[in-house]
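These are the residues of each chain, in order.
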Amino acid sequence: MEIKRELLELMLAVAKENHPNEIVALITGRKGIGEELIFLPFESGETMAIIHTDMLPLGMKILGSFHSHPRPILEPSQADLSMFSRIGKFHIIVAYPYDKKSWRCFDRYGNEIEVKILD
Ligand SMILES: [Zn+2]
């Protein structure tokens, strides 16, 4: 998986801004590269069911999701896993204290995967 460095920095910043609340967004992009976040109103786990991919700009695909954990736990919860299985190929969790190392990426089954960061 590949994402732009700006996007990773944005995720960490947004998570920090919303602390101690959680934040959830979808990751979109072109050619499989995560470029943008789409923020939606959410209730835990419900968001993914109501997204219509035809609302996305042409050529953009939902690649995965991003959400934050206000506690320093970089592991997906049961609810996270059920969300992961519903949409996208990769899922980023950012956790308190939201520094450069406070994130991990998982596949739809909750296995950690490597992400290439593009400058
Ligand atoms: Zn979570």
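Below or above, wherever it landed, is the structure these notes cover. Please read these numbers as outputs of a predicted model, since none were measured by experiment.

Cut-offs and rules
Residues numbered from 1 in each chain as written. Predicted model: local features only at pLDDT ≥ 70, side-chain atom pairs only at ≥ 80, totals over all residues. Heavy atoms only, no water. Helix = DSSP H or I, 4+ residues; strand = E, 2+ residues; numbered from the N terminus. Buried < 20%, exposed > 50% of the residue type's maximum accessible area, 1.4 Å probe, protein only.

1. A look at the environment of M83
Right, so step 1: One can find M83 in helix α2 (residues 78-84).
Right, so step 2: In this structure the C-alpha to C-alpha distance between M83 and S65, which are 18 residues apart in sequence, comes to 8.9 Å.

2. Brief notes about unusual backbone geometry
Right, so step 1: The amide bond that connects H19 to the next residue, P20, takes the cis arrangement and shows omega of 5°.
Right, so step 2: Its place among the elements puts P20 in the loop between α1 (5-18) and β2 (24-30).
Right, so step 3: Backbone torsion omega between Y96 and P97 reads 5°, so that peptide bond is classified as cis.
Right, so step 4: Tracing the chain through its elements places P97 in the loop between β5 (90-95) and β6 (103-106).
Right, so step 5: A positive phi is found at K31, a non-glycine position, where the angle reads about 50°.
Right, so step 6: The topology assignment puts K31 in the loop between β2 and β3 (33-39).
Right, so step 7: Overall, K31 belongs to the exposed group, its relative accessible area being 82%.

Just geometry here; none of it tells us what the structure is for.
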